[in-house]
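# Tertiary structure, described
Here is how the chains run, residue by residue.
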Amino acid sequence: MTELEKMRNGDYYSMEDAEIIAIHQHAANICQQFNALPVTESEERDKLLRQLFGSAGKNLSVKPGFNCDLGCNIHVGDGFLTNYNVTILDMAPVTIGNNTWLGPNVGLYAVAHPMDAKGREARLGIAKSITIGDNVWIGGSAVVLMGVTIGNNVVIGAGSVVTHDIPDNAVAVGNPARVIRMIDNVC
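Note that the coordinates shown come from a computational prediction; the quantities given were computed from them, not determined experimentally.

Okay, the side chain of S14 next. Considering the arrangement of structural elements, one finds S14 in strand β1 (residues 13-14). The exposure class assigned to S14 is buried, which follows from its relative accessible area of 19%. In contact with S14, not counting residues within four places along its chain, are E3, I20, R123 and L124.

Glancing now at unusual backbone geometry. Residues N175 and P176 are joined by a peptide bond in cis, for which omega reads 0 degrees. Mapped onto the fold, P176 is located in the loop between β19 (170-174) and β20 (177-182). One non-glycine residue with positive phi stands out, namely N99, at about 55 degrees. Relative to the elements of secondary structure, N99 occurs in the loop between β8 (94-96) and β9 (101-102). Owing to a relative accessible area of 40%, N99 belongs among the partly exposed residues under this scheme. For N135, which is not a glycine, the phi torsion comes out positive at approximately 55 degrees. Locating N135 in the fold gives a position in the loop between β13 (130-132) and β14 (137-138).

To continue, consider the packing of helix α2 (residues 18-36) against helix α3 (residues 42-52). One can describe the packing of α2 onto α3 by two numbers: an axis separation of 10 Å at closest approach and a directional angle of 165 degrees. What the angle tells us is that α2 and α3 run roughly antiparallel. When you trace α2 past α3, the crossing you get is left-handed. When α2 is examined against α3, the residues A27, I30, C31, Q33 and F34 are found in contact with a partner set consisting of R45, L48, L49, Q51 and L52. The residue inventory of the contact of α2 with α3, partitioned by class, reads seven nonpolar, two polar and one charged.

Sheet analysis places strand β17 (residues 155-156) next to β19, joined by two bridges and oriented parallel. Paired with I156 across the strands is A172, a residue of β19.

Analysis parameters
Residues numbered from 1 in each chain as written. Predicted model: local features only at pLDDT ≥ 70, side-chain atom pairs only at ≥ 80, totals over all residues. Heavy atoms only, no water. Helix = DSSP H or I, 4+ residues; strand = E, 2+ residues; numbered from the N terminus. Buried < 20%, exposed > 50% of the residue type's maximum accessible area, 1.4 Å probe, protein only. Contact = heavy atoms within 4.5 Å. Axes fitted to C-alpha atoms, helices over the stretch in contact; angles between N-to-C directions. Parallel < 35°, antiparallel > 145°, perpendicular 65-115°, else oblique. Left-handed = near helix turned anticlockwise from the far one by under 90°. Nonpolar A, V, L, I, M, F, W, Y, C, P; charged D, E, K, R; others polar. Pairing = 2+ DSSP bridges.

In structure tokens:
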């Protein structure tokens, strides 16, 4: 298997693989162009996001300071909104539903590294997908780790670290995030 195939298969892969580096550099260039554009250049900003993302619905609103790893693994629905300085490390697919909002400084990290020093010295990575449903609000500076699924109509509190799945209609807060109540007034 190639390193890219290993990455897509959820196995450890070399971060120094030329094919992966080329995709990463392409995404970094688009992010740099996007972040340099004035916010008044909405058509050009939208065009760059659609070049970057694997797929995107209608009415995107992404503030400056957006960064990602590959871009092509990001799939967002209609009404996707981010505040400033959002980072999506999409070495595996990151799928986000309709009308989902990410607060400032949110991180979605679909990648990690070995716990043992030898694996890190070998520059290995491992990637697992993140799935976020419709009508989700993730508060500022929250982090969602690889392999997590967040249901529909969920609120993640600011500063939370989501390490495991969160069910539909839940409010989750803390580090690690835990469900503190269910939302019963869902429209």
